Amino acid sequence: MNINQNIKKLLYALKQKGQIYKINSFKFYSEKNDKYSTKYQVLKRELVQIWNEENCEYEYKEKYKQDYDCYSKIDLMKYLAEEYRKGSEADGR
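Owing to the predicted nature of the structure, the values given are computational and were not obtained by experimental measurement. (Residues numbered from 1 in each chain as written. Predicted model: local features only at pLDDT ≥ 70, side-chain atom pairs only at ≥ 80, totals over all residues. Heavy atoms only, no water.)

With respect to a negative patch on the surface
On the surface, Glu53, Glu54, Glu57 and Glu59 cluster together into a patch of negative charge. As for its position among the elements, Glu59 is in strand S3 (residues 57-70). Residue classification places Glu59 among the partly exposed positions, given a relative accessible area of 37%. (Patch = residues over 30% accessible without salt bridge, like charges linked within 9 Å, V, L, I, M, F, W, Y side chains within 5 Å. Areas by Shrake-Rupley, 256 points an atom, 1.4 Å probe, with all protein chains shown as cover. Salt bridge = Lys/Arg side-chain N within 4 Å of Asp/Glu carboxyl O. Lys, Arg positive; Asp, Glu negative; His and termini not counted. Charge placed at Lys NZ, Arg CZ, Asp CG, Glu CD. Helix = DSSP H or I, 4+ residues; strand = E, 2+ residues; numbered from the N terminus. Buried < 20%, exposed > 50% of the residue type's maximum accessible area, 1.4 Å probe, protein only.)

Describing the packing of aromatic side chains
Scanning the entire structure with this criterion turns up four aromatic pairs. Both rings, one in Tyr29 and one in Tyr36, keep their centres 5.2 Å apart while their planes meet at 70°; by these two values the pair is edge-to-face. Since its relative accessible area comes to 62%, Tyr36 is described here as exposed. Geometrically, the ring pair formed by Tyr68 and Tyr79 is stacked, given 4.3 Å between the ring centres and 5° between the ring planes. Taken together, the residues Tyr68 in strand S3 and Tyr79 in helix H2 (residues 73-91) connect sequence positions 11 residues apart. Classification of Tyr79 as buried rests on a relative accessible area of 13%. Lying over the aromatic face of Tyr84, Lys17 brings its terminal NZ or CZ to 4.1 Å of the ring centre. (Phe/Tyr/Trp six-rings, centres within 6.5 Å; stacked < 30°, edge-to-face > 60°. Lys NZ or Arg CZ within 6 Å of the ring centre and 35° of its normal.)

Thoughts on the environment of Val42
Relative to the helices and strands, Val42 is located in strand S2 (residues 35-52). In sequence terms Val42 and Leu76 are 34 residues apart; their C-alpha atoms lie 8.3 Å from each other.

A short note on the pattern of salt bridges
If you walk through the whole model with that rule in mind, you get four salt bridges. Between Arg45 and Glu62 there is a salt bridge whose closest N-O contact spans 3.1 Å. Here Arg45 is found in strand S2, whereas its partner Glu62 is found in strand S3, with 17 residues between them in sequence. Measuring nitrogen to oxygen at the nearest pair gives 3.4 Å for the salt bridge that ties Glu83 to Lys86. Here the residue Glu83 and the residue Lys86 both occupy positions in helix H2, the gap between them amounting to three residues, near one helical turn. Taking the relative accessible area as the measure of exposure, Glu83 reaches 8% and is therefore buried. Residue Lys86 is classed as partly exposed on the basis of its relative accessible area, which comes to 46%.

Listed below in structure tokens is the structure:
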């Protein structure tokens, strides 16, 4: 099983727990290493309560907040596994 499949499975498992993540990747040139590198940015969904004056009710709006940065897929997979583990401990399982 490769790393991409593990990352997809972890994202799916976290989604089942109600934790939604986005992963952005950026290519950049590193003069230090004299090559192109990839930076991975993990964004976590948060629901923000907003007052709607037209309906006089509170509404929930999705916002994504930057949660983690890394430079390898292995670090990304470790981070997602740790987030999954934290959720399991909080549930008492």
